[in-house]
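Residue-level structural notes
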Amino acid sequence: DLFTSIADMQQLLETERNIPKLLDKYIHEEEERLVQLKKLSEEYSKKNEQSIANGMNDIVNPINAFLLIKRKIFDWKEIESKMNANKAGIHVSSITDDNYGVRYPTADDLSGAAIGLLRLQDTYRLDTKDLADGKIYQDQGNYTFSAKDCFEIARAAYNEHDFYHTVMWMEEAKRRMDDEEEPTADMEDILEYLAFALYKQNNLKHALKLTDELYKMNPAHPRAKGNIKWYEDLLEQEGVRRSEMRKSIPPIQNRRPDSVLGNTERTMYEALCRNEVPVSQKDISKLYCYYKRDRPFLIYAPIKVEIKRFNPLAVLFKDVISDEEVATIQELAKPKLARATVHDSVTGKLVTATYRISKSAWLKAWEHEVVERVNKRIDLMTNLEMETAEELQIANYGIGGHYDPHFDHAKKEESKSFESLGTGNRIATVLFYMSQPSHGGGTVFTEVKSTVLPTKNDALFWYNLYKQGDGNPDTRHAACPVLVGIKWVSNKWIHEKGNEFRRPCGLKSSDKERFVGDLGIGPEPRDAPNLSPNLGKDVWETI
Ligand SMILES: O=C(O)CCC(=O)C(=O)O
Ligand SMILES: [Fe+2]
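Residues numbered from 1 in each chain as written. Chains lettered and ligands numbered in written order. Predicted model: local features only at pLDDT ≥ 70, side-chain atom pairs only at ≥ 80, totals over all residues.

1. Quick word on the sheet that holds strand S6 (residues 338–339)
Pairing is antiparallel in the open sheet, where 9 strands are placed in the order S3-S4-S5-S17-S13-S20-S11-S10-S6. With one partner strand each, in any of the chains shown, strand S3 (289–292) and S6 form the two edges of the open sheet. One ladder, built from 5 bridges, connects strand S11 (residues 392–397) with strand S20 (residues 487–495); its direction is antiparallel. Looking at S20, one finds that Tyr397 is bridged to Lys487. Packed onto the sheet, helix H16 (residues 323–333) meets strand S10 (359–363), S11 and S20 and runs at close to 105° relative to S10. (Pairing = 2+ DSSP bridges. Helix = DSSP H or I, 4+ residues; strand = E, 2+ residues; numbered from the N terminus. Contact = placed C-beta atoms within 7 Å. Axes fitted to C-alpha atoms, helices over the stretch in contact; angles between N-to-C directions.)

Laid out in C-alpha cells, this is it:
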C-alpha cells in the first residue's frame, strides 16, 4: 500500500530515476547475447550447406545418421539455451522486488490511489471535469486525465460496489473519448459498465438504452444481446410494456447514496474539512494568546500559546519545533514508516483499517537526542508526565490520507485498549504539525465543530479526559484528507499514571482548566503574567 504515504511516493520517484540505467544495462547484455546467437546461426548455416552438399550420404549411412542426430541435439541445445538466456526476469525483479528500496506499484496501489481521489472529490466537492482537467480549486496541475484514466478510476469504484462514482467517472470517460483523436479507452467497455451501474441505481430504461447503443456498435459483442434481454425482462417485471421500454427515458440522476447523505457526522466532518462551518463572534472574542512561563526554564524561554477554543480546551503551542528538528525526525521515521494501525476495540490488538489511512512510525527517546529533546519540551508545554507517555508517533499522509472521526482515549467499554501499557487512559494529546499542506489535511472536532488547519512548527493540544477521569465525548476529532501537499504530524499521547499531582482530579465533569497548566490557584494568563505560584512572588522582579 504505497498510496498511504507521500514519503513512499518520493522514494518511488528515486526508483524511477534508476530505470533508464537499468534498461541500458539490460539492452547491452541483450545485444551481446544476440551477437552470440548470430554467430551460432552463421555456423549452423555453414554446416547445413555442407550436409546439403553431402546429400543423402549423411543419412543412409548409420554411423553418419547417428552423428547427425547427436549433433543436432547438442547444437540445438546450445541454441535453445542461448535463446532462452534472456536476462529480463532478473532485471524486472530487481525493480519490482520488495527489497529494491521501495516496492514498485501494483494494480492494488492504483485502485487505492483512485479510491483516495474519490474521497477527496467527495470531501472537497470537486467537479469531475475539473479534476480530470488537473484542476484543484485555483491550482492548475501539469497533467490531465485521458479517457482511460477516467475509466480506471470508475472501475476502481465499480469494484468497491460504489456505483455513484462509477457513473460519474464512466460518463467522464465517455465524454473524453468523444474528444480524443486516438481513443485511449474502449467505448464498449465504458457502455457496459455504465449500463450496469445505472441498473444498480434503478435506472433500468437508461441502462437498456446504453446497452442498445452497445449492441448497435458491435452486434457480435459477447454480452450485449443477453444484457438487453435481461434489462427488458426486469422492466417487464416492473410492469413496463415492451412498447414503452425505449420511451421517456429518465436522465441520469447521480445522487450520493443516502447512507452517506444521512450520516450527520460524515456531513459535518466534510463541511469542517472545507472550513465552511462558521464560528460565532462571541466565542472568538473570548480567545486569547499568552506566554507560558509557569516553569523555571520558561521564564527565560516562554512558550507562545494560542487558545483555539474552550470546552473542550484546545490550544496551539506556537513555534515549538524547529525546521531542523522536523527534518531529523522525518529522516528517522522514513525507514520505519508502516501502514498505520488502530486498536481493535474488542481484542485490544493492533489492526489496519480503511478509516485510518496514513503511514506511521514510533520513535524512542534514546534513538536520537532530538526525540529526547522534543519529549522534554512536551513536559514544559503541557506540565504532564512523559515517563508514562507513549513514544513519539510520526505519521505521514498520502493521497487522500485521512483519519475518520474518533477518540484518542479508550471509552469505558474499551477497557482493553491500553491494558498492556499499564499506564491508564490517554489523558491528553499533543499533535505537532511538521508540514503545512496547501489544501486540506485539517484537524477537525466533529462534536464541537472546530477546524484547525495545520501550521508548520506548531503543536495542537487538548485533554481527552475530564479532570474527574471520564472521557470527554466533545474531543471527538478527525484528520481531513490531504488535498494538495504533504502532511507530516507527530503525536504524543500522554497517559493518566504519574499525572495525579500534575493534573489533580476534579470531582465533576464540569471541573476544567481555563488554560494549560491551570491548577486553580493562580491568576488567568489573560490578565497576569503566567508565573507559577510555586515559583515564589519575587521571581518576576528578578528577570
Ligand atoms: O493528523 C491529524 O490531524 C490528527 C491525527 C489523529 O487524530 C490521530 O492520529 O489520532
Ligand atoms: Fe486522534
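Next comes the rest of the account.
2. Considering the site of ligand 1
All residues in the neighbourhood of ligand 1 are listed as Ala395, Tyr403, Asp408, Leu431, Thr443, His477, Ala479, Val489 and Asn491. Only strand S18 (477–479) and S20 provide two or more residues apiece to the shell around ligand 1. Of the residues assigned to the shell around ligand 1, the class counts are 5 nonpolar, 3 polar and 1 charged. (Near = placed C-beta within 6 Å. Nonpolar A, V, L, I, M, F, W, Y, C, P; charged D, E, K, R; others polar.)

3. Some details on the packing of helix H10 (residues 204–217) against helix H11 (residues 224–237)
Taken N-terminus to C-terminus, the directions of H10 and H11 make an angle of 160°; their axes are 9 Å apart at the nearest point. What the angle tells us is that H10 and H11 run roughly antiparallel. In this structure, the crossing between H10 and H11 has a hand that is left-handed. Within the contact between the two elements, H10 uses Leu204, Lys205, Ala207, Leu208, Thr211, Asp212, Leu214 and Tyr215 and H11 uses Ala224, Lys225, Asn227, Ile228, Tyr231, Glu232, Leu234 and Leu235. Across the contact of H10 with H11, the residue classes break down as 10 nonpolar, 2 polar and 4 charged. (Parallel < 35°, antiparallel > 145°, perpendicular 65-115°, else oblique. Left-handed = near helix turned anticlockwise from the far one by under 90°.)

4. Quick look at the packing of helix H7 (residues 147–159) against helix H9 (residues 187–200)
In contact at an axis separation of 11 Å, H7 and H9 are set at 35° when each is read in the N-to-C sense. For the pair H7 and H9, the crossing hand works out as left-handed. Contact residues: Phe151, Ala154, Arg155 and Tyr158 in H7; Ile190, Tyr193 and Ala197 in H9. Broken down by class, the residue content of the contact of H7 with H9 amounts to 6 nonpolar, no polar and 1 charged.

5. So, the sheet that holds strand S16 (residues 450–452)
One open sheet holds the 5 strands; their spatial order is S9-S12-S18-S15-S16, and the pairing between them is antiparallel. Both edges of this open sheet fall to strand S9 (356–357) and S16, since each of them pairs with a single strand only. With 3 bridges joining them, strand S15 (residues 443–445) and S16 adopt antiparallel strand pairing. Bridged to Thr443 within S16 is Val452. Against the sheet, helix H13 (residues 264–273) engages strand S12 (402–406), S15, S16 and S18, with an angle of about 135° to S15.

6. Side note on the nonpolar core
Core analysis: the largest hydrophobic core is formed by 88 residues, its most contacted members being Cys150, Ala154, Met170, Ala173, Leu194, Ala459 and Phe461. Looking at which domains feed residues into this core, each of domain 2 (107–244) and domain 3 (306–519) gives three or more. The contacts of Phe461, once residues within four sequence positions are left out, are Ala314, Val315, Phe317, Met381, Thr382, Ala428, Thr429, Val430 and Val516. Counting residues in hydrophobic clusters, the runner-up holds 9 residues, among them Leu272, Val444, Ala479 and Cys480. (Core = buried A, V, L, I, M, F, W, Y, C linked by C-beta atoms within 7 Å. Buried ≥ 20, exposed ≤ 12 C-beta atoms within 10 Å, placed from the backbone. Domains from an automatic or database assignment.)

7. As for the pairing of S10
Moving residue by residue along a regular strand, the side chains alternate between the two faces of the sheet. Most of S10 is tucked away: 4 of the 5 residues are buried. Relative to S11, S10 runs antiparallel, the two being bridged by 5 bridges. Paired with Trp362 across the bridge in S11 is Gln393.

8. A few points about the domain arrangement of the chain
The assigned domain composition of the chain is domain 1 (2–96), domain 2 (107–244) and domain 3 (306–519). Inter-centroid distance (C-alpha atoms) of domain 1 to domain 2 is 45 Å.

9. Digging into unusual backbone geometry
Between Asn311 and the following residue, Pro312, the backbone shows a cis peptide bond with an omega angle of 0°. Inspection of the secondary structure assignment puts Pro312 in the loop between strand S4 (303–309) and strand S5 (314–318). Even without being a glycine, Arg125 presents a positive backbone phi close to 50°. Here Arg125 falls in the exposed class, since 11 other C-beta atoms lie within 10 Å of it.

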